[in-house]
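Residues per chain are reported as follows:
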Amino acid sequence: MKTVRSRKAPTAYVVGASYVVFALFLFWSLIAGYWQGVDPFWAAFVVGLAMVFYLLRVGLELLFFDRVEVTPDRLTQRRLLGAQHTDLRQPNLADLSRDLNGNRYLVLARVGDKLPLTAVNLRYLGNAREVGQAILEAVRRHNPELVIGPKLVQRLGEPPYKVFN
């Protein structure tokens, strides 16, 4: 059985490293200010520590842990805090979406459900086109009536892609 695995784009390493460096700088600033006797506003200190952990998590995830694997039956997204497995027999709607940071997501959902089944971030994948085509082909194999959004068709082309042949 063929598996399509994601590859990181060079920008993922640059952005991930900058998040980690900024988190370490922010942490050092908080500690240095405390050592110098600055009486911090404790709410700001707690928010600063929360930002340190958030930036470290996102940076480490981009650098080392963010992986996508597509097989004809399953989509697996490996993250820092675990893996998410999605059965590709369930979705009947696929579309492209963006968040406030400009990240592009391939969203898989069921018509009528309020929440999507999964969303795959394509922004930092070096082979985003191949991964997206593999996901759509695997879903279409199980559900021939898959509705694909026009933005997604414009970006990836019209199926079939012949990824799993």
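Residues numbered from 1 in each chain as written. Predicted model: local features only at pLDDT ≥ 70, side-chain atom pairs only at ≥ 80, totals over all residues. Heavy atoms only, no water.

Caption draft 1: Examining the overall build of the chain more closely. A count of helices and strands for the chain gives 4 helices and 8 strands. Of the regular secondary structure in the chain, the N- to C-terminal order runs β-α-α-β-β-β-β-β-β-α-β-α. Whereas a compact globule of 165 residues would reach a radius of gyration of roughly 15 Å, the chain reaches 20 Å, over 25% beyond that. The principal-axis extents of the C-alpha atoms in the chain amount to approximately 65 × 35 × 25 Å. Looking at the chain as a whole, 41% of its 165 residues are labelled buried. Restricting the contact set of the chain to residue pairs at least 6 apart, pairs at least 24 apart contribute 57%. When the accessible area of the chain is evaluated, it comes to approximately 9,900 Å², of which 60% is carbon and sulfur surface. Here the chain holds 21 positive side-chain charges and 13 negative ones, and the gap between their average locations is 4 Å. (Helix = DSSP H or I, 4+ residues; strand = E, 2+ residues; numbered from the N terminus. Rg over C-alpha atoms; globule rule 2.2 N^0.38 Å. Buried < 20%, exposed > 50% of the residue type's maximum accessible area, 1.4 Å probe, protein only. Contact = heavy atoms within 4.5 Å. Areas by Shrake-Rupley, 256 points an atom, 1.4 Å probe, with all protein chains shown as cover. Lys, Arg positive; Asp, Glu negative; His and termini not counted. Charge placed at Lys NZ, Arg CZ, Asp CG, Glu CD.)

Caption draft 2: Fine view of the environment of Thr71. When you line up the elements, Thr71 lands in the loop between β2 (67-70) and β3 (74-79). Here the alpha-carbon distance between Thr71 and Asp87, two residues 16 residues apart in the chain, equals 10.0 Å.

Caption draft 3: Helix α3 (residues 128-142), seen in detail. Taking 1.5 Å as the rise per residue, α3 with 15 residues should run 21 Å; its terminal C-alpha atoms sit 22 Å apart, in good agreement. Listed as buried for α3 are Ala128, Val131, Gly132, Gln133, Ala134, Ile135, Leu136, Glu137, Ala138 and Val139. (Expected span 1.5 Å × (residues − 1).)

Caption draft 4: Representation of the nonpolar core in the model. Val70, Leu75, Leu108, Ile135, Leu136 and Leu152 are the most contacted members of the largest nonpolar core, which has 26 residues in total. For this core, the secondary structure elements donating two or more residues are β2, β5 (93-98), β6 (104-109), α3 and α4 (150-156). No other element matches α3, which puts 7 residues into this core. Discounting residues that sit within four places of it in the chain, Val70 has contacts with Lys2, Thr3, Val4, Leu75, Leu88, Val131, Ala134, Ile135 and Phe164. (Core = buried A, V, L, I, M, F, W, Y, C linked by side-chain atoms within 4.5 Å.)

Caption draft 5: Broad picture of the sheet that holds β6. Sheet architecture is open: 4 strands sit in the order β7-β6-β5-β8, paired in mixed fashion. Since the sheet does not close on itself, it has two edges, and those belong to β7 (118-121) and β8 (147-148), each with one partner. Pairing analysis gives 6 bridges linking β5 to β6, with the strands arranged antiparallel. Along β6, the bridge assignment pairs Leu93 with Ala109. Across the face of the sheet, α3 comes into contact with β5, β6, β7 and β8 while running at roughly 10 degrees to β6. (Pairing = 2+ DSSP bridges. Axes fitted to C-alpha atoms, helices over the stretch in contact; angles between N-to-C directions.)

Caption draft 6: Spatial organisation of the packing of aromatic side chains. By the definition in use, this model includes 1 aromatic pair. Their ring planes at 75 degrees and their centres at 6.4 Å tell us that Phe64 and Phe65 sit as a pair that is edge-to-face. (Phe/Tyr/Trp six-rings, centres within 6.5 Å; stacked < 30°, edge-to-face > 60°.)

Note that every value here comes from positions in space, so none of it alone points to a role or purpose.
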